[in-house]
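The residues making up each chain are set out below.
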Amino acid sequence: HLTQVKGVITMRPNLGYLDKSDKRAKIEGRLTDPDDPEPEPKLEAVTVKFSKGEAEKQRKEKSYQSIKSKEQEEPWINLRFNQMKSARGQDERQNLICDDMDKKLQVDTQPKQYLNKLK
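One structure accompanies this document, and this report is about it. This one's a predicted model, so the numbers in the text were calculated from it and none came from an experiment. (Residues numbered from 1 in each chain as written. Predicted model: local features only at pLDDT ≥ 70, side-chain atom pairs only at ≥ 80, totals over all residues. Heavy atoms only, no water.)

### Section: the overall build of the protein
Okay, so step 1: Helix and strand counts for the protein come out as five helices and zero strands.
Okay, so step 2: Per-residue burial over the protein gives 3% buried out of 119 residues.
Okay, so step 3: Accessible area of the protein: about 13700 Å², with a carbon and sulfur share of 54%. (Helix = DSSP H or I, 4+ residues; strand = E, 2+ residues; numbered from the N terminus. Buried < 20%, exposed > 50% of the residue type's maximum accessible area, 1.4 Å probe, protein only. Areas by Shrake-Rupley, 256 points an atom, 1.4 Å probe, with all protein chains shown as cover.)

### Regarding the side chain of serine 66
Okay, so step 1: Tracing the backbone shows serine 66 in helix 3 (residues 64–73).
Okay, so step 2: Among the polar contacts listed, one links the side chain of serine 66 to the backbone oxygen of serine 63, at a separation of 2.9 Å.
Okay, so step 3: Here serine 66 is in contact with Lys60 and Glu61, once residues within four sequence places are set aside. (Polar contact = N/O pair within 3.5 Å; in protein donor to acceptor, adjacent residues only side chain to side chain. Contact = heavy atoms within 4.5 Å.)

### Describing the pattern of salt bridges
Okay, so step 1: Throughout the structure, instances matching the rule amount to two salt bridges.
Okay, so step 2: A salt bridge links lysine 68 to glutamate 71; the shortest N-O distance between them is 3.6 Å. Placement of the pair is lysine 68 and glutamate 71 together in helix 3, with a separation of three residues, close to one helical turn.
Okay, so step 3: With relative accessibility at 32%, the residue lysine 68 sits in the partly exposed group. (Salt bridge = Lys/Arg side-chain N within 4 Å of Asp/Glu carboxyl O.)

In structure tokens, the structure reads:
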């Protein structure tokens, strides 16, 4: 449903009663104005020291040499890439498909027991 707008009236609220209650509260000492500046606490200089062992250890872990040595220590397995349409690729893909789709599996455990075995 659409209605055509023919004019706009701007209404300004009259909140003078709030000012009166704020003045009364200030006089009674119940209210502190959030706009009034609060006395700032005295600032003190603080010296912070870090353990050299931690900083040194973190710097060594992030260094280029340590990252390279970790890469060298990681065991790698050489693989051979087979194109999707190649005979070898098609043979490997066939190994991923179940041979006997009509075979029904017998599960002797209840669902909760099965989930507990997975933990």
